[in-house]
Amino acid sequence: MQRSLSTSSVPVPSLGSWRQAASVCGFTIDPVLRELGIGQHDPHAQLRVSPLNLFKAFTLCVERARGHHFPFALGENFMFEHYAEFDAFVSSSSSIRELLELAGWARELLAPWMSLRLDEFGAEAHLRVVMDVPDIDPRELCHVREVVLAAVNQLIKRATRGSHWLLSVRMAMPAPAHQQRFAEHFGVPVFFNESADALVMDRRWLDMPLNEPVPEALSQARARIERRLSQEGGERRIVDEVRWALERRPELLREGLEATASALGLHPRTLQRRLQNEGVKYVDIQSEAKCNRAQVMLRRRAISMESISDELGFSDRRAFTFAFKRWTGLSPSAYRSQLGAVKA
């Protein structure tokens, strides 16, 4: 049974980063923690709090900041304080697409209520932040999403050695009074009242080489992360790994279980057995991923039904329409019309 927000416990990602960000913004973090009843007895242990208190801490920090926007300062200073394995993986990744595998692990260890989705539209790629927090108005999490966008931007800037990889930023929230800070921080146009919070890049950046490939170093970093997950995260669900693989690599939506097993470094029979042990079928996970991907693409009116059908691996538009209607109860055209005016 899922624990409530008040009783569950999550780590405070990189408390040292919080201290640095607070210093940049002209206040100290300790009074904020005390106000929320958050204490840390072991300076070497990672501080854990309830998600509710973590979100309240973000809000208090924004209110106390002077001269700087706290979420941007935190994202700019973010470091994997207790997770040297993550830094090793970043420095060993040969492309942004490979680097994004980190998001799935970060979700398991740091923020189970947050995920980073990769959506590819023609010449563009969108890194979309999704928050899934029960009983919380998504608008109350806007500062948390700002931190994630700023941290991902900083991480990729570091990996690309300061290259101008970012094209624009999209924010779901209304334009704030200090909206000029957004453009100043990201250095690109920032659009508000969008359907999602996302960093937008030229799709070609996903597979441009970052580092000279060193498979041994990458394998070692991945193995260390896997060990950490086993120690701290308990037994990992294969269904979540499959979902992330299908999100990160949309071409797998056109393939079968064998291709996904290969992407996960598993034998197809092993993947099938582990899915059976969790009571799910691969075809159901893939259908769910296709439905999610179709809905994302349908929000972009410039993408034709034929292009969507082809990307999802359907033989033609009629087959896609039949499947989408089975998933949602609506035809793709009706779903798109229901969305109303959507920015392309």
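Rules used in this analysis
Residues numbered from 1 in each chain as written. Predicted model: local features only at pLDDT ≥ 70, side-chain atom pairs only at ≥ 80, totals over all residues. Heavy atoms only, no water. Helix = DSSP H or I, 4+ residues; strand = E, 2+ residues; numbered from the N terminus. Buried < 20%, exposed > 50% of the residue type's maximum accessible area, 1.4 Å probe, protein only. Contact = heavy atoms within 4.5 Å. Areas by Shrake-Rupley, 256 points an atom, 1.4 Å probe, with all protein chains shown as cover. Pairing = 2+ DSSP bridges. Axes fitted to C-alpha atoms, helices over the stretch in contact; angles between N-to-C directions. Parallel < 35°, antiparallel > 145°, perpendicular 65-115°, else oblique. Left-handed = near helix turned anticlockwise from the far one by under 90°. Nonpolar A, V, L, I, M, F, W, Y, C, P; charged D, E, K, R; others polar. Disulfide = S-S within 2.5 Å. Salt bridge = Lys/Arg side-chain N within 4 Å of Asp/Glu carboxyl O.

Points about the overall build of the chain
In step 1: Summing up its helical and strand segments, the chain has 17 helices and seven strands in all.
In step 2: Looking at the 344 residues of the chain, the share that counts as buried comes to 50%.
In step 3: Summarising the internal contacts of the chain: among those between residues at least 6 apart in sequence, 67% fall at separations of at least 24.
In step 4: As displayed, the chain offers around 17,100 Å² of accessible surface, 49% of which is attributable to carbon and sulfur atoms.

As for the pairing of strand S4 (residues 124-131)
In step 1: Within S4, seven of the eight residues are buried, which leaves it mostly tucked inside the rest of the structure.
In step 2: As judged from the eight bridges shared by strand S3 (residues 114-121) and S4, these two strands associate in the antiparallel manner. By the bridge assignment for S4, Phe-121 is matched with Glu-124.
In step 3: Remark: two residues form the turn of the hairpin made by S3 and S4, two consecutive strands paired antiparallel; Gly-122 in that turn has positive phi of roughly 55 degrees.
In step 4: Note that S4 and strand S7 (residues 197-202) share six bridges and pair antiparallel. Within S7, the residue paired with Arg-128 across the bridge is Ala-198.

Some details on the packing of helix H11 (residues 238-248) against helix H14 (residues 282-298)
In step 1: With their axes 10 Å apart at the nearest point, H11 and H14 run at an angle of 40 degrees to one another. Between H11 and H14, the angle is such that the two are oblique. The two elements H11 and H14 cross, and the hand of that crossing is right-handed. Counting all contacts with H11, which are made through Val-239, Val-242, Arg-243 and Leu-246, the residues of H14 involved are Tyr-282, Ile-285, Gln-286, Glu-288 and Ala-289.
In step 2: Tallied by class, residues from the contact of H11 with H14 come to six nonpolar, one polar and two charged.

What about the pairing of strand S5 (residues 166-170)?
In step 1: Burial within S5 is extensive, with four of its five residues counted as buried.
In step 2: For S5 and S7, the ladder comprises four bridges, and the chain directions are antiparallel. When the bridges of S7 are listed, Ser-168 appears paired with Val-200.
In step 3: Pairing of S5 with strand S6 (residues 190-191), which is carried by two bridges, proceeds in the parallel orientation. By the bridge assignment, Arg-170 is partnered in S6 with Phe-191.

Structural notes on the state of the cysteines
In step 1: Using the criterion set out here, one finds zero disulfides in the structure.
In step 2: As a non-bridged cysteine, Cys-61 has Cys-25 as the owner of its nearest cysteine sulfur, 8.4 Å distant.
In step 3: Residue classification places Cys-61 among the buried residues on the basis of a relative accessible area of 0%.

What to know about unusual backbone geometry
In step 1: A positive phi angle is found at Arg-161, which is not glycine, with a value near 55 degrees.
In step 2: Position of Arg-161 relative to the elements: it lies in the loop between helix H8 (142-159) and S5.
In step 3: The residue Asn-193 is not glycine, and still its phi comes out positive at about 60 degrees.
In step 4: Within the fold, Asn-193 resides in the loop between S6 and S7.

Some thoughts on the pattern of salt bridges
In step 1: Counted by the stated rule, this structure contains 17 salt bridges.
In step 2: With a closest N to O distance of 2.7 Å, Arg-128 and Asp-119 form a salt bridge.
In step 3: Close ionic contact of Arg-204 with Asp-202 constitutes a salt bridge, the shortest N to O distance being 2.7 Å.
In step 4: Assessed through its relative accessible area of 60%, Arg-204 is described here as exposed.
In step 5: Connected via shared salt-bridge partners are Arg-97, Glu-120, Arg-203 and Asp-207.

What about the environment of Gly-75?
In step 1: Locating Gly-75 in the fold gives a position in helix H4 (residues 70-77).
In step 2: Classification of Gly-75 as buried rests on a relative accessible area of 0%.
In step 3: Between the alpha carbons of Gly-75 and Val-152 there is a distance of 7.7 Å; along the sequence they are 77 residues apart.
In step 4: Ignoring anything within four residues of it in the chain, the contact list for Gly-75 reads Val-147, Ala-150, Ala-151 and Gln-154.

Limitation: the analysis is restricted to geometry and does not speak to function.
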